[in-house]
Amino acid sequence: MPEFTLTSAPPLAGINKAYGDMHLSAPHDVAIVSISLPLGGEDAALSAVKSAYGVAMPAVGKTATSKSGETLMRLSTDLAFVVFTRATPDAEPVVAGKMKGKAYTTDQTDVWCALQLEGPGAMRALERICPLDLMGFAIGDVARTAMEHLGTIIMRTDTNGWRLLSASSSAGSFLHAVETSIKNVS
Amino acid sequence: MIINHPILGPRDAAEFVCLGDACMMDRPDWQADDALDQFVEYGYLRDNPAGEHQELWYHEQGDRSWLVLTRNTLTHEISKVELARDVARARGRDK
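Residues numbered from 1 in each chain as written. Chains lettered and ligands numbered in written order. Predicted model: local features only at pLDDT ≥ 70, side-chain atom pairs only at ≥ 80, totals over all residues.

1. Quick word on the sheet that holds strand 1 (residues 16–19) of chain A
All names here are of chain A.
Then comes step 1: Read from one edge to the other, the open sheet built from six strands follows the order 1-2-8-11-10-9, with strand pairing classed as antiparallel. In the strand order of this sheet, the two ends are held by strand 1 and strand 9 (142–147), each with one partner. Each neighbouring strand pair of the sheet contributes to a mean axis angle of 25°, computed without reference to strand direction.
Then comes step 2: In this sheet, strand 11 (residues 161–167) lies alongside strand 8 (residues 112–118) in antiparallel orientation, the contact comprising seven bridges. In the strand pairing of strand 11, Gln116 is matched with Arg163.
Then comes step 3: Together, strand 1, strand 2 (22–25), strand 8, strand 9, strand 10 (150–158) and strand 11 form the strand contacts of helix 4 (residues 171–185), whose direction differs from that of strand 8 by roughly 15°. (Pairing = 2+ DSSP bridges. Helix = DSSP H or I, 4+ residues; strand = E, 2+ residues; numbered from the N terminus. Axes fitted to C-alpha atoms, helices over the stretch in contact; angles between N-to-C directions. Contact = placed C-beta atoms within 7 Å.)

2. Considerations on the interface of chain A and chain B
Then comes step 1: Taken together, the contact pairs eleven residues of chain A with eleven residues of chain B.
Then comes step 2: Of all the elements in the fold, those that place two or more residues in the side of chain A that touches chain B are strand 5 (71–76) and strand 9 of chain A.
Then comes step 3: Broken down by element, the residue count for the side of chain A that touches chain B peaks at three residues, all from strand 9 of chain A.
Then comes step 4: The residue makeup of the side of chain A that touches chain B, split by class, is five nonpolar, five polar and one charged. (Nonpolar A, V, L, I, M, F, W, Y, C, P; charged D, E, K, R; others polar.)

3. Looking at the domain arrangement of chain A
Residue and element names in this part refer to chain A.
Then comes step 1: Assigned domains within chain A: domain 1 (16–27 + 111–185) and domain 2 (30–107).
Then comes step 2: Of note, the centres of domain 1 and domain 2, computed from C-alpha atoms alone, are 23 Å apart.
Then comes step 3: With nine residues of domain 1 at the contact, the number on the domain 2 side is seven residues.
Then comes step 4: When contributions to the side of domain 1 that touches domain 2 are tallied by element, the ones reaching two or more residues are strand 8 and strand 9.
Then comes step 5: In terms of residue class, the side of domain 1 that touches domain 2 is built from six nonpolar, one polar and two charged. (Domains from an automatic or database assignment.)

4. Examining the pairing of strand 6 (residues 78–83) of chain B
Residues and elements named next belong to chain B.
Then comes step 1: For strand 5 (residues 66–72) and strand 6, the ladder comprises five bridges, and the chain directions are antiparallel. Directly across from Thr70, in strand 6, lies its bridge partner Lys80.
Then comes step 2: Linking two consecutive strands that pair antiparallel, namely strand 5 and strand 6, is a turn of five residues; a positive phi of about 65° is found at His76 within it.

5. Describing the pairing of strand 4 (residues 52–58) of chain B
Residue and element names in this part refer to chain B.
Then comes step 1: Bridge analysis of strand 3 (residues 17–21) against strand 4 gives four bridges, and the strand direction is antiparallel. If you follow Asp21 over to strand 4, its bridge partner there is Glu55.
Then comes step 2: The pairing of strand 4 with strand 5 spans seven bridges and is antiparallel. Across the sheet, Glu55 pairs through a bridge with Leu69, a residue of strand 5.

6. Looking at the nonpolar core
Residue and element names in this part refer to chain A.
Then comes step 1: Among the nonpolar cores identified, the biggest contains 50 residues, and Val49, Leu72, Met73, Val82, Leu117, Leu164 and Val178 are the most heavily contacted of them.
Then comes step 2: Two domains each donate at least three residues to this core, and these are domain 1 (16–27 + 111–185) and domain 2 (30–107).
Then comes step 3: If sequence neighbours within four positions are ignored, Val82 has contacts with Val33, Ile35, Glu70, Leu72 and Val95. (Core = buried A, V, L, I, M, F, W, Y, C linked by C-beta atoms within 7 Å. Buried ≥ 20, exposed ≤ 12 C-beta atoms within 10 Å, placed from the backbone.)

Here it is as structure tokens:
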């Protein structure tokens, strides 16, 4: 029997580049778990989120960050993502354990790729490919949209910081879209 | 075209997919005596109004919600955007 050794590698691992006043990197060990609110059990699920993370479930389009660093992204009325740092592939049981059966949880870690764009020029680069009005984004706002036809979740992490999530299956194309826009304005 | 989503605010129409006439929400009862006639109407026959028209739109590149848009086919003006689930509940659906 041949012995195989598998090494997990996130789709955009190692990306770490500077362009003029911008810096693009791929964050390490991003774990993503979705929380769906059950029909009729919304209130119980919302209070389970509150007791699990110590912060109330944010409104749609907003995020909330717990003291231990997990970010709750409310993407629609019935759906939120928990984004946190975890190296081991067991993100879903961790969140499911905290929810105590009050919400549906699904592991989303491997289906997304993440990029972090920083710098004063970041909005200049993103506004060319993002159909949303980024000027109207407060820090912590999040939205699901499309950039160059690729489904994207965009979150403003700081005045000049943006977190981008897109499908891992088209990670290369997404990186190309973002990089091209950066180069066009830098 | 900009669609003013009831929860998310103004969004580009490129994020949406149009399914068509909102009458698709009212699926006939398959056990009715005239079920065949009703399903022929439901499946094939559409009004083509010059004026206000209700359409189903799906926010695929967004929050995956179904919307009912009231749009004027002469001017393209969108006068009303509602969540399809709210419309269905107002029509007596239980979910």
